[in-house]
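What follows is the residue order along each chain.
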Amino acid sequence: MQNKGFQVRNGVLHADDIPLPRLAAEYDTPLYVYSARLIRDNINRLKAALGKDVLIAYATKANTNGAILSLMAKNGLGADVVSGGELRRALLAGIPADKIVFSGVGKTDAELVLAMQNGIAQINIESGAELERLVDLSPKFMTARQTLRVAFRLNPDVETDTTHAKISTGHGRSKFGMPADEIRRLYKGMIGHATIKPAGLSLHIGSQLTTLDPLRDAFHRLADLARDLPVETLDFGGGLGIVYTDEKPVDLDGYGALVREILAPLGAKLITEPGRFLVGNAGVLLTRVTHLKTTPNRPMLILDAGMNDLMRPALYDAIHTIQPVTVKKGKSQIFDVAGPVCESSDIFLRDTEMVAPERNDLMALMNAGAYGLSMAGTYNSRPLPAEILVDGENHAVIRQRQTFDDIIKDERTPDWLNA
Ligand SMILES: *Cc1c(COP(=O)(O)O)cnc(C)c1O
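All of these numbers come straight from a predicted model, not from anything done at the bench.

Q: Go over the overall build of the protein with me, naming the residues and quoting the values.
A: Within the protein, the regular secondary structure consists of 13 helices and 20 strands. In terms of overall size, the protein behaves like a compact globule, its C-alpha atoms giving a radius of gyration of 23 Å where 419 residues would be expected to give roughly 22 Å. Evaluated residue by residue, the protein yields a buried proportion of 54% over its 419 residues. When contacts within the protein are restricted to residue pairs at least 6 apart in sequence, long-range pairs at least 24 apart make up 70% of them. Of the charged side chains in the protein, 47 are positive and 50 negative; the average position of the first set lies 3 Å away from that of the second.

Here it is, written out as structure tokens:
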């Protein structure tokens, strides 16, 4: 049996076949570590559930590292991008343009032009205003023979009660997508247009979905709309949840069945945009205990990783469980776990139970492969962590640790300030 992902062997947490203390010794902490085997496994499980006719367009914002994108390209995946920068990264990593879709509510002219010049599969438009801009821009870049394919993003107006408000996107007052009536009108108005082809519909109702009910409702609304229109593609978005704490794992086969029952019969090319599902459980943030702080309430573990490195707890109240890298024996105690950043929200966990760690002990913040480094910043002038990709017994640095000089290199102090 192959070791894949993050498992304890002989009392030590490994990434695939590599013990994490080895990586910490070589590359220091905080350190993102990813398992290529687990990413491949996630890809294969999703492919098995959906069948091979569905284009899996990896939502690159979940983890934008070029090596991760190359891994996706190698496995035949496309990409869902939300900026010109992500589009360029996807192309650089070898993802073919005809497997790239471009989503987002506020694409700039420069980004739309970049998409047209590269001939991507489709632009998922989110408003009549965006369509008007494409009508103005497209004649310069597209022709009747090579039209710009656009899909209209439906706001299906469904609630997703399992997701945090800040990652819910498919309810009536969200900024994403358009109501069905508006799409019907705009779509029909574009049929026969010289340079723009209304090619399909898209939706994405939110992230970290762990039940299928909101997706079922949304898919039915997408299908209802599709029946009224000549659609060639149906993009049913991402959003599949993963297990962070005690969530029930999402029913992948049930998901596949929904797609086959509701969307496949419409005869359109199907596209999905998973992000978190492919990479979330395949990464950890390896960190060291700086020290234990006693407080009048709970003892507090202060880590060398902070909210700038992993923002999800501060931003979404997300929980990343913490695991000692070397299993310790002894009586367990209750701790709070915090980073060093000067913000009250730089708390990773409250009331978590573990055997008391010591100064310099290695700990892993689990399930940090999605929306971890891609959301990280340098607040408090903290350099971005390095990233390591492990693949069985192989490993490599896929992003060097940032240095202090990297952080300040773009800043200038005007002469007149010192004159
Ligand atoms: C972020 C995003 C995704 C991916 O969401 P996950 O929850 O990570 O699967 C897919 N589509 C769009 C349009 C997105 O903005």
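Q: Help me get a handle on unusual backbone geometry, residues and values and all.
A: Of all residues except glycine, most have a negative phi; of all peptide bonds, most are trans. The omega torsion across Thr29 and Pro30 is -5°, close enough to zero to call that bond cis. Looking at the secondary structure, you find Pro30 in the loop between α1 (20-27) and β4 (31-35). Phi at Asp28 takes a positive value of approximately 70°, unusual for a residue other than glycine. With respect to the element layout, Asp28 can be found in the loop between α1 and β4. Of note in the backbone geometry, Asp317 takes a positive phi value of approximately 55° without being a glycine. Tracing the sequence through the fold places Asp317 in the loop between α11 (312-316) and β15 (322-324).

Q: Go over the environment of Ile95 with me, naming the residues and quoting the values.
A: Structurally, Ile95 is set in the loop between α4 (84-92) and β7 (100-102). On the basis of relative accessibility, which here comes to 2%, the residue Ile95 falls in the buried class.

Q: I'd like to hear about the nonpolar core, residue by residue, with values.
A: Counting residues in each nonpolar core, the largest one holds 100 residues, and the members touching the most others are Phe152, Leu201, Phe219 and Leu278. Formed by 19 residues, the second largest nonpolar core is a distinct cluster that contains Leu20, Tyr27, Val284 and Leu362.

Q: So, the side chain of Thr233: which residues are in play, and what are the values?
A: Residue placement: Thr233 occurs in strand β11 (residues 233-235). Given a relative accessible area of 6%, Thr233 falls into the buried group. Separated by 2.8 Å, the side chains of Thr233 and Gln122 make a polar contact. With residues up to four places along the chain from it excluded, the contact list for Thr233 reads Gln122, Arg149, Ala199, Gly200, Leu201, Ala268, Lys269 and Ile271.

What counts and how
- Residue positions are counted from 1 within each chain, in the order its sequence is given.
- Confidence filtering applies because this is a predicted model: local features only for residues at pLDDT of at least 70, side-chain atom pairs given and counted only at 80 or more, and all residues used for totals across whole chains, interfaces and linings.
- Water and hydrogen atoms play no part in the side-chain values, which are based on all heavy atoms of the structure.
- Put simply, DSSP H or I for four residues or longer makes a helix, DSSP E for two residues or longer makes a strand, and each gets a number counted from the N terminus.
- Two things to know: the radius of gyration comes from C-alpha atoms, and the globule rule equals 2.2 Å times the number of residues to the power 0.38.
- Exposure is judged per residue with a 1.4 Å probe applied to protein chains only, and the accessible area is read against the type maximum: over 50% gives exposed, under 20% gives buried, and values in between give partly exposed.
- In this analysis, two residues are considered to be in contact whenever any of their non-hydrogen atoms come within 4.5 Å of each other.
- Residues scored as positive are Lys and Arg, those scored as negative are Asp and Glu, and His as well as the terminal groups of each chain are ignored.
- Where a charge lies is defined by one atom per residue type: Lys uses NZ, Arg uses CZ, Asp uses CG and Glu uses CD.
- Here, nonpolar core refers to any group of buried Ala, Val, Leu, Ile, Met, Phe, Trp, Tyr and Cys residues whose side-chain atoms link them within 4.5 Å.
- Nitrogen and oxygen atoms within 3.5 Å of one another constitute a polar contact, given that in protein one can donate a hydrogen and the other can accept it, and given that sequence-neighbouring residues count only through two side-chain atoms.

Keep in mind these values describe shape, not function.
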